[in-house]
Every structure is written in structure tokens, then in C-alpha cells.
Amino acid sequence: MDAVRVALLREVLAGTEWLGATRRFAGALRGSVVSHGGGLLLVGTAAHEPWHLAAHLVDEAAWSGTPELAPTLVRHAARPSDPAHLAVGLGRLAAARRGETVLVVAPGAPGAPLLERVHDARRAGATVLSLGAGERELVALAHEALTVPDGAELDLDTVQHLVSAAAGENAVPPRGHHRFRDRLSRLADRLTAPPPPRW
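Residue pairs spaced three or four apart in an α-helix point in one direction, given the helix's 3.6 residues per turn. With 14 residues, helix 3 (residues 51–64) extends 20 Å from end C-alpha to end C-alpha; this agrees with the ideal 20 Å at 1.5 Å per step. One or two positions beyond helix 3, positive phi appears at Gly65, with a value near 70 degrees.

This is the structure we're talking about:
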């Protein structure tokens with residue numbers, strides 16, 4: 001989803017709780033990785049790996065000049081023969097320490113092994129964020145959680161788009177990118193504005 005589509009989606013969602021909720025969560029994510037200076041570990045469940053969110057966060061990190069937003073994707077079925085960026089297994093959560101952030105994306109039950117590793121990471125001082133169905137034990141472990149319940153107006157994929165876009169926007173952009181984003185935002189506003197009255 002590109003910046004224009006995100007702008008259109010935000011316009012549609014104006015007046016709902018989703019805009020504020022996704023911006024607050026994105027602010028917690030950005031604040032955690034920027035202020036602590038540690039890495040961002042992104043992990044899903046055994047049935048769902050958050051590839052899409054990882055890609056968007058990498059893009060937002062580059063566009064916003066906030067390299068801390070680029071995550072390490074932690075995978076349940078990682079193999080040593082995988083390319084380096086895909087070979088990080090759940091053992092990485094056991095090595096998480098103070099200053100690092102663990103973002104768990106769980107559209108369903110995270111499972112006991114993942115919960116145990118996330119608990120260990122929190123106990124070691126990592127900041128834990130949870131995005132997903134709102135499984136009680138995971139939400140209790142998280143410093144910040146954004147719940148997307150079944151039957152909500154938005155699905156988890158859409159919420160991930162809003163969170164990743166807001167995480168990049170709220171950062172201080174590098175010189176040059178700010179003007180481009182401003183122009184793009186103004187263009188989106190003009191494209192979505194009602195037609196001028198006839199004179």
C-alpha cells in the first residue's frame with residue numbers, strides 16, 4: 001500500500017478510533033527503537049510470519065531516515081542454509097536484552113513456545129509490543145498492545161499498513177524527504193477533496 005492509498009484510507013477512517021490507536025502504537029514502536037537504540041525483532045506465530053510488515057518497516061526506515069525501524073525477522077522454521085536475513089530463528093529471542101524491542105504479530109494463538117521466549121526477552125529487559133488478535137497472555141506480557149479482534153472494521157493486514165506508515169511519518173525525516181512527503185500529502189489531499197463549487 002503506497003502513501004496515497006494510506007492517505008485515502010485515513011480519510012475514510014476519520015472519526016473512528018483506528019487512526020488514534022494505530023498512531024499511538026506506532027509512536028510506542030518508534031519511541032522504543034529510537035530511544036533505546038537497540039534492534040527491532042519482529043516475530044509472528046508458527047502459522048503466520050509477518051513478511052509484509054517487515055518489508056514495509058524496512059521501507060519506512062529508509063524513507064524516514066530512521067534505520068532503527070528496520071526489523072530483524074525472527075522465524076519459527078529458520079534454517080542455517082537460508083539467506084542470512086531469513087536465517088534468524090526463535091533462539092534470537094532468548095538473546096534479546098535491555099534496549100531491544102520485540103514486536104509480536106499474532107493473528108491467532110501465539111503458542112506456548114513463543115510465549116515462553118517472549119517472556120524471557122521481557123525478563124531480560126527487552127520492550128515487548130503486541131499486534132494481533134489480543135490473546136490474553138501475550139497482551140499481559142506486552143508493554144504496549146494493539147488488538148484487532150475478529151469481526152473488527154479493519155483486518156490485521158490493513159492495521160499493519162497504518163502502523164508502519166505512522167511509525168515512519170512521526171520520525172524526523174532527512175533533508176529532502178520531508179519536502180517530498182509534504183508534496184505527496186498535499187497531492188493526496190487535492191485528489192480526495194470534493195470538486196470546487198461552480199461559479
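Now that the structure has been shown, the text picks up again.
On to the nonpolar core, then. Among the nonpolar cores identified, the biggest contains 32 residues, and Leu29, Leu103, Leu131 and Val159 are the most heavily contacted of them. For this core, the secondary structure elements donating two or more residues are helix 1 (3–13), helix 2 (17–36), strand 1 (40–43), helix 3, strand 3 (101–106), strand 4 (127–132) and helix 7 (156–169). In contact with Val159, not counting residues within four places along its chain, are Trp18, Thr22, Leu131, Leu146, Val148 and Leu154. Core analysis: the next-biggest nonpolar cluster, separate from the first, contains 19 residues, Val102, Val104, Leu138 and Ala142 among them.

Take the sheet that holds strand 5 (residues 144–147) next. The sheet built from five strands is open, its strands ordered 2-1-3-4-5 with parallel pairing. If you trace the sheet from one side to the other, it starts and ends with strand 2 (72–74) and strand 5, each paired once. Going across the sheet, the axis of each strand differs from the next one's by a mean of 20 degrees, ignoring polarity. Relative to strand 5, strand 4 runs parallel, the two being bridged by four bridges. Counterpart to Ser130 in the pairing with strand 5 is Ala145. Here helix 5 (residues 112–123) sits on the sheet in contact with strand 1, strand 3 and strand 4, set at roughly 155 degrees to strand 3. Set on the sheet, helix 7 makes contact with strand 3, strand 4 and strand 5; between it and strand 4 the angle comes to about 135 degrees.

Let's shift gears to the pairing of strand 4. Counting buried positions along strand 4 gives six out of six residues, so the element sits mostly inside the fold. Alternating positions in strand 4 separate into two faces, Thr127, Leu129 and Leu131 on one and Val128, Ser130 and Gly132 on the other, with burial throughout. Inspection of the sheet shows strand 3 paired to strand 4 by six bridges, in the parallel sense. Within the sheet, the bridge partner assigned to Val102 lies in strand 4 and is Val128. Crossover connection from strand 3 via helix 5 to parallel strand 4: handedness right-handed.

The next point concerns the pattern of salt bridges. Under the defined criterion, the tally for this structure stands at six salt bridges. Among the salt bridges present, the one from Glu169 reaches Arg10, with a minimum N-O distance of 2.8 Å. Taken together, the residues span a long stretch of sequence, with Glu169 in helix 7 and Arg10 in helix 1 at a distance of 159 residues. Overall, Arg10 belongs to the buried group, its relative accessible area being 12%. A salt bridge links Arg75 to Asp82, with the nearest nitrogen and oxygen atoms 3.1 Å apart. A single burial state applies to Arg75 and to Asp82, both of which are buried.

Right, let's get into the side chain of Ser164. Here Ser164 lies in helix 7. Of the polar contacts made by the side chain of Ser164, one reaches the backbone oxygen of His161; its length is 3.1 Å. Not counting residues within four places of it along the chain, the set of residues in contact with Ser164 comprises Leu53, His56, Leu57 and Glu60.

Time to look at helix 2. Taking 1.5 Å of rise per residue, the 20 residues of helix 2 would be expected to cover 28 Å, and the 28 Å separating its terminal C-alpha atoms lies within 8% of that figure. Inspection of helix 2 places Trp18, Leu19, Ala21, Thr22, Phe25, Ala26, Leu29, Arg30, Ser32 and Val33 among the buried residues, and these make up the whole buried set. Where helix 2 begins, the capping side chain belongs to Thr16, and its oxygen is found 3.3 Å from the backbone nitrogen of Trp18. Positive backbone phi, at 70 degrees, marks Gly37, one or two positions downstream of helix 2.

Basis of the calculations
Residues numbered from 1 in each chain as written. Predicted model: local features only at pLDDT ≥ 70, side-chain atom pairs only at ≥ 80, totals over all residues. Heavy atoms only, no water. Helix = DSSP H or I, 4+ residues; strand = E, 2+ residues; numbered from the N terminus. Expected span 1.5 Å × (residues − 1). Core = buried A, V, L, I, M, F, W, Y, C linked by side-chain atoms within 4.5 Å. Buried < 20%, exposed > 50% of the residue type's maximum accessible area, 1.4 Å probe, protein only. Contact = heavy atoms within 4.5 Å. Pairing = 2+ DSSP bridges. Axes fitted to C-alpha atoms, helices over the stretch in contact; angles between N-to-C directions. Right-handed = clockwise from strand over helix to strand, strands pointing away. Salt bridge = Lys/Arg side-chain N within 4 Å of Asp/Glu carboxyl O. Polar contact = N/O pair within 3.5 Å; in protein donor to acceptor, adjacent residues only side chain to side chain.

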